[in-house]
Amino acid sequence: MNKPTKNINNYILPVVIILALSLTRLIPHPWNFSPMLAVGIFSGFYFRQLYLSLFVVIVSMFIGDLFLGFHSLMFFTYIALAIAVLIGLYIKHFKFTEILYSGLASSVCFFVITNFGAWLTHGEMYAKDFSGLMQSYVMGIPFFHNTLISTFLYLLLFKLLFDLAVKKKIFKTSF
């Protein structure tokens, strides 16, 4: 394969992921049932490059936000997704236990960070004291299970697709 074709092929997967993720945000889905955390984790694992992994996740979110609208929790959401990417960078072999721990850790981080953001930015909704912060976490509990379940399901789907792609020699890996 000549060098220009190889360079183009290196960008196909990130572009496909960006477009697919942006689309998943636009189709109807339950609250917080999204592949975003799973893609953050998988991007960190697969690309092994912080900037490329962050680019994939942040650009996907931003494109979706262009259509859905910008909101006061964007900064906190993007920070939580960046943490998912960082967690993915520490995955060595994408085994089931790594999927379990990374999915749980990223979901908990997302919950803590975004509910803190809701407490901080939603004006009169929460008192600006410890009890108001705790109230924001309690109010977020009904959404947590969707975050956790979707992150696990999408990570398992990515694991199956990744293993199949490696087996079929679509992806080359040294893991």
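As a reminder, the structure under discussion sits directly above these lines.
For every chain, the first residue of the written sequence is number 1, and numbering continues from 1 onward in sequence order. Owing to the predicted nature of the model, reporting of local features is limited to residues with pLDDT of at least 70; listing and counting of side-chain atom pairs is limited to 80 or more, with chain, interface and lining totals taken over all residues. Here the side-chain values reflect all heavy atoms present in the structure, with hydrogen atoms and water set aside.

Visitor: Tell me about unusual backbone geometry, and please be specific about residues and values.
Guide: Residues other than glycine seldom take positive phi values, yet N32 does so here, at roughly 60°. The way it works is that DSSP assigns letters per residue, a run of H or I at least four long becomes a helix, a run of E at least two long becomes a strand, and they are numbered from the N terminus. In this fold, N32 is placed in the loop between α1 (3-26) and α2 (36-47). We note that R48 has phi near 60°; this positive angle belongs to a residue other than glycine. Examined against the element boundaries, R48 turns out to sit in the loop between α2 and α3 (50-68). Judged by its relative accessible area of 31%, R48 is partly exposed. Buried means the residue's accessible area, taken with a 1.4 Å probe over protein chains only, is under 20% of the maximum for its type, while exposed means over 50%, and partly exposed covers the values in between.

Visitor: Explain the side chain of E98 residue by residue, including any values.
Guide: Summarising the element assignment, E98 is placed in helix α5 (residues 96-121). Within the structure, the side chain of E98 is placed 2.9 Å from the backbone nitrogen of K95, a separation counted as a polar contact. With sequence-adjacent residues up to four places away left out, E98 is seen in contact with I91, K92 and H93. In protein, a polar contact requires one atom able to donate a hydrogen and another able to accept it; more generally it is a pair of N or O atoms within 3.5 Å, and residues adjacent in sequence count only if both atoms are side-chain atoms. Only heavy atoms matter for contacts: two residues are in contact if any of them lie within 4.5 Å across the pair.

Visitor: Can you tell me about the packing of α3 against helix α4 (residues 74-89), naming the residues and giving the values?
Guide: Working note: a packed helix pair is described by the angle between its axes plus the distance between those axes. Helix axes use the C-alpha atoms of the stretch in contact, all axes being lines fitted to C-alpha atoms, and the angles between their N-to-C directions lie in the range 0 to 180 degrees. Contact geometry for α3 and α4: axes closest at 10 Å, N-to-C directions at 150°. If you check the angle between α3 and α4, you find them roughly antiparallel. Note that α3 runs across α4; the crossing there is right-handed. On α4, the residues that touch L50, S53, L54, V57, I58, M61, F62 and D65 of α3 are M74, T77, Y78, L81, A82, V85, L86 and L89. Every angle not falling under 35 degrees, over 145, or within 65 to 115 is termed oblique; those three ranges are roughly parallel, roughly antiparallel and roughly perpendicular. In this scheme, a crossing is called left-handed if the near helix is turned counterclockwise away from the far one by less than a right angle; it is called right-handed if the turn is clockwise.

Visitor: Which residues make up the pattern of salt bridges, and what values do they have?
Guide: A pair is scored as a salt bridge if a Lys or Arg side-chain nitrogen falls within 4 Å of a carboxyl oxygen belonging to Asp or Glu. Going through the model one piece at a time under the given rule, you end up with 2 salt bridges. A salt bridge links R25 to D65, with the shortest nitrogen-to-oxygen separation between them at 2.9 Å. Of this pair, R25 sits in helix α1 while D65 sits in helix α3, and the two are 40 residues apart along the sequence. The pair formed by R25 and D65 is uniform in burial state, with each residue classed as buried. The shortest N-O distance in the salt bridge between K159 and D163 comes to 2.9 Å. On the criterion of helical spacing, the pair formed by K159 and D163 is a turn pair, its members being 4 residues apart in helix α6 (residues 130-167). Look at D163 and you get partly exposed, because its relative accessible area is 35%.

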